[in-house]
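Per-entry structural report
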Amino acid sequence: MKKLLATLLSLTMVLSLAACGNNSNNQPTTTAAPTTAASETPTTQKPETTPAAAENVTLNVAYMANYASLWSVLTGIDQGYFEEEGLNVELWEFSDGPAEIAAMESGSIDLAYIGKGAHKLCVFGQATIFAPSSVHTTDTIVGLSSHGVNSVEDLAGKTVAYTAGSSSETTLNNALAIAGLTMDDIVAMEMSAENMVISMISGSIDACAAWSPYTLEIYKQVEDAIEIEFSNDSVNLASWVCMPNYAENNHDTLVRFCRALYKAMDYASKPENYEYVAQLVAKQTGTSLESSMNQTGDADWFDIATLKEIVADGTLKGYYEHLEADFVKDGTIQESDVVEVEKFVMLDLIKEVLDSIQ
């Protein structure tokens, strides 16, 4: 028992450092690229100068400690794309999208990356989407086979952990719907992703709805932890958001940020650059390169050509329409809550920026 407690305490400390980035007081962090030999650094064209007319702006940007949140923004910092636009990006780490949006409401954060679950707050008008990031087509639940959880149907009567208001809750609702179950059919336990890892290791829960890198840590630490993969024709989107009044008052800043972001996405979405970007993520999150590399397969990473195509043919708008339908299906929002995509997604801004990039 002492050995177990010691192990759990050690793990808690490690995960806390990884999750908080030594930034438990939510102080801005300055990101630097990992030190690599010149021959190891991918060749790229650095920006030449900051536009003379552009006002220098410092942006407080919220992220979560995983590859999906950081892949583009870290690349933009490292490759100098934000500097080219006269932007200084300071990164603040948060545990989930709702917490980020709350920080934007308080005025301490300007822009933020969110996963699928927090998009419902955009539908309700609490935040505005100004850029897409990536699309994830599959959801997963982590179950303990020794506890009899080998499929989504096995969740009935089991203790299942989730993080309310986040993609974790959405994933759990999707899994339950696949099995013809609801939250009333399980023992639902709300907790942070860090605590899910500890609870899965100790065996105090039967399953959880988590995300990378927490799921990867569970698979590493728990021998009988299994990935239960499923698809219910849902769309799992990640996006960049700001407050509606910020969007109204800072159009030029958003254009500059998006222009730099899309250039970074174009660079980071190339498979030959995955390892370099993973180094940036590993350094920022205090995790291993292996862990970051494992997350490169978590989504389809948008590049500029793809974004231009899906904006032009209506696919991107369709993603957000599908997202609202998913929320209605799982009971997250009511049919009466559904609004036109243009009400919460700045499609015109997205097109404007993409058209300006040759």
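Scope of this entry: the structure provided in the associated data block. (Residues numbered from 1 in each chain as written. Predicted model: local features only at pLDDT ≥ 70, side-chain atom pairs only at ≥ 80, totals over all residues. Heavy atoms only, no water.)

Looking now at the packing of aromatic side chains. Scanning the model with the defined rule gives seven aromatic pairs in all. Plain terms: the ring middles of Trp71 and Trp301 are 5.1 Å apart, the flat faces sit at 50° to each other, and that makes the pair tilted. Placement of the pair is Trp71 in helix 2 (residues 67–78) and Trp301 in strand 11 (residues 300–301), with a sequence separation of 230 residues. With respect to burial, Trp71 and Trp301 carry one shared label: buried. Both rings, one in Phe130 and one in Phe257, keep their centres 5.9 Å apart while their planes meet at 80°; by these two values the pair is edge-to-face. Note that Phe130 is positioned in strand 4 (residues 128–136) and Phe257 in helix 10 (residues 251–268), a separation of 127 residues in sequence. With respect to burial, Phe130 and Phe257 carry one shared label: buried. Of the aromatic side chains, those joined through ring pairs into one cluster are Phe82, Tyr113, Phe130, Trp240 and Phe257. (Phe/Tyr/Trp six-rings, centres within 6.5 Å; stacked < 30°, edge-to-face > 60°. Helix = DSSP H or I, 4+ residues; strand = E, 2+ residues; numbered from the N terminus. Buried < 20%, exposed > 50% of the residue type's maximum accessible area, 1.4 Å probe, protein only.)

This brings us to the state of the cysteines. In total, this model carries zero disulfides according to the counting rule given. Here Cys258 is not disulfide-linked; the sulfur of Cys242 is the nearest cysteine sulfur, at 8.8 Å. (Disulfide = S-S within 2.5 Å.)

With respect to the secondary-structure elements, Ser292 resides in helix 12 (residues 289–294). A residue is classified by how much of its surface remains accessible, and Ser292, at 0% relative accessible area, is buried. Setting aside chain neighbours within four positions, we find Ser292 in contact with Tyr67, Ala278, Val281, Ala282 and Thr287. (Contact = heavy atoms within 4.5 Å.)

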